[in-house]
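# Structural features, examined
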Amino acid sequence: MIKLVFERSIEEYKSNIKVVLSFGLLLLFVPLFLFFDQFLVASGTSFLLYYGSILAIIGLIIGAIFLYFFSFFITLIIYSVKRDVQNVRYEGFWNEAVRDNSIKIFLFYFLISFLVYVVSITGLMFGLNDIFIFVNLIILIIVMFVPQSLVLDDVHIVDAISNSIDFLKTNKKTCFVIFAIGSIALFITLIIEFVLNVFNLPGSFLSFIIVLLLITPFIEQMKSYAYVLKNDLIKSPEIHQTRIDKIKQVPKKKINAVRLREMPTKGKI
C-alpha cells in the first residue's frame, strides 16, 4: 500500500507538472512580504505577526490573499489526482467545483491558523511553550486530511475533520509514512537554508521555493492518492493495474538460437 502510494505520487507529480509549477506564482508575494515588517520568510514558509497599525492591516489583507491562492492551488492538486485515478472529465462543472472547494479550504486554513496562533500565545503566557507546541502538532495531525475530504468527499469543514480522524484511525501506517516523509523533507530543507544563510546566500528564499514547488505538491498528492484508495472500488483496480505495469516492465529474455527452417550463417546447428 505504502509503496503503491509513493510510486503513484511520483507519477502524478510528473504528469501534473503544470499544476505543480502553478505554485510558483505564489513567489510573486515574496517582495510584498519583504516590504512589510510583520512578515518573516523562513523555514520554507512565511510567518505573519500582527500589531496595531494601518500597515499591519494591509499586511493581513495581503496574507489572506496569499492564503486564498494557496488554497486554490491545493484544490487543483487534489482534483488532478481525482481526475487521473477516476478518469473524471469536469468540463463545465470544473470552474464551479474548484471555486467552491477553494473557498472551503481557505476558510479551513484560516481557522486552523487562528487556532494554532491562539494555542501558541497561550503557551507563551503560561510559560509552557514546549507543551503547547506539542498540542499544535497533534491538532495539525488530526486535520491532516481535511483538504482531501473537503474536495473528494464534498463535505463541510466539521464533517471533513471527522473524516480525517476516521482515515487516520484506519490507515495509521500509511499516514505515519506520509507524515514522516514530509517531516524529513522539511528538515533537510532547513539544513540547506541554514548552510546557505551562513555563507550569506538567500537560503530563506530557496527553502521557500523548495517547499512551494517540491514538498507541498508532492505531499498533497500522496495524501490525495492515499485518501482516494480508501474506496475499495478504486483501490482494487489500482493494485491490479500496478501488477500489470510491473509485468509489462519485465524485459523479455532474448534467446540466441536459429530456427530449424533457417540456414546458419556459419558452422552447424
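Only a predicted model underlies this, so the values are computations on that prediction, with no experimental measurement involved. Numbering of residues starts from 1 in every chain and runs along the sequence as written. Local features in a predicted model are, by the rule used here, given only for residues with pLDDT of at least 70; side-chain atom pairs are given and counted only at 80 or more, and totals for whole chains, interfaces and linings are based on all residues. Hydrogen atoms and water are omitted, and side-chain values are computed over all heavy atoms in the structure.

### Some thoughts on the overall build of the protein chain
- Within the protein chain one finds 11 helices and 2 strands.
- N-terminal to C-terminal, the α/β element order of the protein chain is α-α-α-β-β-α-α-α-α-α-α-α-α.
- For the protein chain, contacts bridging at least 24 residues in sequence account for 70% of all contacts bridging at least 6.
- The accessible surface values rely on the Shrake-Rupley method and a 1.4 Å probe; as for residues, cover is taken only from the protein chains in view. Per element, the accessible surface of the protein chain, about 16800 Å² overall, is 69% carbon and sulfur. The way it works is that DSSP assigns letters per residue, a run of H or I at least four long becomes a helix, a run of E at least two long becomes a strand, and they are numbered from the N terminus. Only heavy atoms matter for contacts: two residues are in contact if any of them lie within 4.5 Å across the pair.

### Considerations on helix α9 (residues 172–198)
- Given a helix with a known number of residues, its expected span is that number minus one, times 1.5 Å. With 27 residues, α9 ought to run about 39 Å at 1.5 Å a step, and its terminal C-alpha atoms sit 39 Å apart, in line with that.
- For α9, every residue scored as buried is listed here: Thr174, Cys175, Ile178, Gly182, Thr189, Glu193 and Leu196.
- Phi turns positive one or two residues past the end of α9, at Asn200, with a value near 60 degrees. Exposed residues in this analysis have more than 50% of their type's maximum accessible area, buried residues have under 20%, and partly exposed residues fall in between, with area computed by a 1.4 Å probe over protein chains only.

### Quick look at the nonpolar core
- For this analysis, a nonpolar core means a set of buried residues of the types Ala, Val, Leu, Ile, Met, Phe, Trp, Tyr and Cys, connected via side-chain atoms within 4.5 Å. Counting residues in hydrophobic clusters, the biggest one holds 61 residues, and the most contacted among them are Phe23, Leu26, Phe108 and Phe145.
- Ignoring sequence-local partners within four residues, the contact set of Phe23 consists of Phe70, Phe73, Ile74, Ile77, Leu212, Leu213, Thr216 and Pro217.

### Observations concerning the side chain of Ser102
- Considering the arrangement of structural elements, one finds Ser102 in helix α5 (residues 92–125).
- Think of a polar contact as two N or O atoms within 3.5 Å of one another; within protein, one of them needs to be a possible hydrogen donor and the other a possible acceptor, and neighboring residues in sequence only count if both atoms come from side chains. At a separation of 2.6 Å, a polar atom in the side chain of Ser102 contacts the main-chain carbonyl oxygen of Val98.
- Leaving out residues up to four positions away in the same chain, Ser102 has contacts with Tyr68, Ser71, Phe72 and Thr75.

### What about the side chain of Ser224?
- Structurally, Ser224 can be placed in helix α10 (residues 203–228).
- If near-sequence neighbours (up to four positions away) are discounted, Ser224 is found in contact with Ile78, Val81, Gln148 and Leu152.

### Let's talk about unusual backbone geometry
- Look at Asp154: it is not a glycine, yet its phi comes out positive at around 55 degrees.
- Judged by relative accessible area, which is 56%, Asp154 ranks as exposed.
- Phi is positive for Asn200, which is not a glycine, with a value near 60 degrees.
- Here Asn200 lies in the loop between α9 and α10.
- With relative accessibility at 73%, the residue Asn200 sits in the exposed group.

### Some thoughts on the pattern of salt bridges
- The term salt bridge refers to a side-chain nitrogen of Lys or Arg lying within 4 Å of a carboxyl oxygen of Asp or Glu. Using the criterion set out here, one finds 6 salt bridges in the structure.
- Among the ionic pairs, Arg8 bridges to Glu11, the shortest N-O distance being 2.9 Å. In this pair, Arg8 and Glu11 both sit in helix α1 (residues 2–15), 3 residues apart, roughly one turn of the helix.
- Linking Lys230 and Asp153 is a salt bridge whose minimum nitrogen-to-oxygen distance equals 3.3 Å. Here Lys230, found in the loop between α10 and α11 (232–249), pairs with Asp153, found in the loop between α7 (146–152) and α8 (157–170); they are 77 residues apart in sequence, far enough to count as distant.

### A look at the packing of α1 against α10
- The axes are straight lines fitted to the C-alpha atoms, using for helices just the contacting stretch, and the angles between their N-to-C directions are given from 0 to 180°. Between α1 and α10, the least distance of the axes is 9 Å, while the angle of their chain directions is 125 degrees. With respect to each other, α1 and α10 are oriented oblique. Judged by the sense of rotation from one axis to the other, the crossing of α1 with α10 is right-handed. Here α1 contributes Leu4, Val5, Phe6, Arg8, Ser9, Ile10, Glu12 and Tyr13 to the contact with α10, which in turn contributes Leu213, Leu214, Pro217, Phe218, Gln221, Met222, Tyr225 and Ala226.
- Basically, the charged four are Asp, Glu, Lys and Arg, the nonpolar ten are Ala, Val, Leu, Ile, Met, Phe, Trp, Tyr, Cys and Pro, and anything else, Gly included, counts as polar. For the contact of α1 with α10, the residue count by class is 12 nonpolar, 2 polar and 2 charged. For classification purposes, an angle smaller than 35 degrees is called roughly parallel, one larger than 145 roughly antiparallel, one from 65 to 115 roughly perpendicular, and anything else oblique. Each crossing is labelled by how the near helix is turned from the far one, with a counterclockwise turn of less than a right angle marking it left-handed and a clockwise turn marking it right-handed.

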